Amino acid sequence: MRWLCAALLLVTPPLPALPDSAEIEMRLQPDGSLSVVEAVDVQQRTTRTIELRTPAGDHRDRVHSLRDLGIEGSGTAERRADAVTVTLNPGTSVLRYTVDGAVRDAGDHLEVTWTLEGWDTARTLVRASFAAPRIAIGVRCTGCTAAQNDQTGLTRFSGQRLEPGQTLDIAVDLPPGTVPANARVQPAKTLAGAFVLTAPVAWAWAAFGLLLLAGAVSLLLARRPRPPLPAGFTAEPFATPDGVLPGHIALLRGTDPVVVTAVDLAIRGYLGPDAGPAHPPDDRLTGFERRVLDGDDPLQDLEADAIRRGWLRPPGRARRAGIRITCYGLFLTIVLALTTGYAQLGVILTLTGLALALAARFLPDRTRRGRILARRLRDPAGLPAGDRFVPYALALGRPAPDTAFALGEFLVALQDRRRTPAP
């Protein structure tokens, strides 16, 4: 019954009895919204700005929304992003509105806060009442001369001789569960507020941590030694694992690809016993084999061919990608810090790029396909005998089979040719 009586009081608020005074009634609705009716008498044109975004400490702002605004009498209202400005002409006017975001969960109780008054002319007397579904268990008011619960269950506030701009900051404590809490706290629109930890930012940090963990595990697995696999060399028909050439093996195992490729070309008849050209190049030769045949350095072409075949990573690609992501993150941090906030998202992106650029130093040069190929090339029992497999044995670091090919004489001739400058 007390709640019903209190609700009826808001239908027809009492009009101010004194000049430049106000009668205000507030009712907390079951959904947590705060309905406010202000009957205000002004003797001259008067303006009040209702701030909807107020500091809440720790570089955060308390954000309210104001709806269903109406003025009965002579006056106007102007809405802005974070405030509403009300202007009243001389006489008595009734201001009605509903506030969302006034109820905060304080743990063992609910706290309802709102700011009244703040007109740019002096107030002779201000009286306000507050009604809620349950009786208040605590009352506070900054700027009031009195604040208390009365025998009807209403909470009443009053202030006298308010200076221009002076406000009444009320706070009412209610039992927990009286209404749903709806307070909204957002980062302040300042540089420090842009870096405040919020729920989306916390989720982003968690994702970043999981990404780092997954990357570290993947890196350890990629660098972990694995047992060899069957190589797959065959003599009849001639085949090598994954179509690998002796120069590729030398590159993957860190041996001299020029010597190995030259021996391979000699076995295939492109180089003579003196290590000089014996057959013109044809379409069966790769780019790096042509360079060896011409006496040039084949390393760049050999690496490009291994990258094309998917055995090696493009050098520096991961590091360059990390640097680009870092630059994007720095740019995003600056943009978010100067606009919408949540600048820590840019910081997280920056750290992601730095982590990638750093991890690139520890990434194996070989791709997963290249690592599998390298495991197959470690099989000591997978290499048949015959001249055709001499360059492969040399690339694998194994004793060359005893064949008709004069390997030792050819290597001496090749060494002499490499020492002799080209004409």
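These notes cover the structure that comes with them. Here the structure is a predicted model, which means the values were calculated and not measured. (Residues numbered from 1 in each chain as written. Predicted model: local features only at pLDDT ≥ 70, side-chain atom pairs only at ≥ 80, totals over all residues. Heavy atoms only, no water.)

Let's talk about the sheet that holds strand S7 (residues 75-79)
Backbone hydrogen bonds hold the strands of a sheet together, and the pairing may be parallel or antiparallel. Spatially, the three strands line up as an open sheet ordered S3-S8-S7, and their pairing is antiparallel. At either margin of the open sheet sits one strand with a lone partner, and together these are strand S3 (46-51) and S7. Strand-to-strand twist across the sheet, computed as the mean angle between neighbouring axes with direction ignored, equals 15°. Pairing of S3 with strand S8 (residues 83-88) involves six bridges; the strand directions are antiparallel. Across the sheet, the residue bridging to Thr46 is Leu88, located in S8. (Pairing = 2+ DSSP bridges. Helix = DSSP H or I, 4+ residues; strand = E, 2+ residues; numbered from the N terminus. Axes fitted to C-alpha atoms, helices over the stretch in contact; angles between N-to-C directions.)

Concerning the state of the cysteines
Per the counting criterion, the structure on display carries one disulfide. For Cys141, the disulfide goes to Cys144, at an S-S distance of 1.8 Å. Negative torsions about the S-S bond denote left-handed disulfides, and the value of about 55° found for Cys141 with Cys144 makes this one right-handed. (Disulfide = S-S within 2.5 Å.)

Remarks on unusual backbone geometry
Among all residues save glycine, negative phi is the norm, and among peptide bonds the norm is trans. The backbone of Asp20 sits at a positive phi, close to 50°, despite the residue not being glycine. Position of Asp20 among the secondary structure elements: in the loop between helix H1 (2-9) and strand S1 (21-28). In this structure, Asp58 takes a positive phi of about 55° despite not being glycine.

Focus on the sheet that holds strand S16 (residues 167-174)
Pairing in this open sheet of four strands is antiparallel, and the strands run S10-S11-S16-S13 from one edge to the other. With partners counted over all chains shown, the strands left at the sheet margins are strand S10 (103-105) and strand S13 (138-142), one partner each. Averaged over all pairs of adjacent strands, the angle between strand axes in this sheet comes to 20°, irrespective of strand direction. In the sheet, S13 pairs with S16 via five bridges, with the strands oriented antiparallel. Looking across to S16, one finds that Cys141 is bridged to Ile170.

Side note on the packing of aromatic side chains
Under the criterion given, the structure shown has three aromatic pairs. An angle of 80° between the planes, with centres 5.9 Å apart, marks the rings of Trp205 and Phe208 as edge-to-face. Separated by three residues within a single helix, Trp205 and Phe208 lie in helix H2 (residues 199-223), roughly one turn from each other. With a centroid separation of 6.2 Å and 50° between ring planes, the pair formed by Phe389 and Tyr392 is classed as tilted. (Phe/Tyr/Trp six-rings, centres within 6.5 Å; stacked < 30°, edge-to-face > 60°.)

Here we look at the pairing of strand S11 (residues 110-117)
Buried residues dominate S11, accounting for seven of its eight residues. Here S10 runs beside S11; their pairing, made up of three bridges, is antiparallel. Note that in S11 the partner of Arg104 across the bridge is Glu111. In this antiparallel pair of consecutive strands, S10 and S11, the connection spans four residues, and Gly107 shows a positive phi of 95°. Relative to S16, S11 is paired through eight bridges, and the arrangement is antiparallel. What sits directly across from Trp114, in S16, is Ile170. (Buried < 20%, exposed > 50% of the residue type's maximum accessible area, 1.4 Å probe, protein only.)

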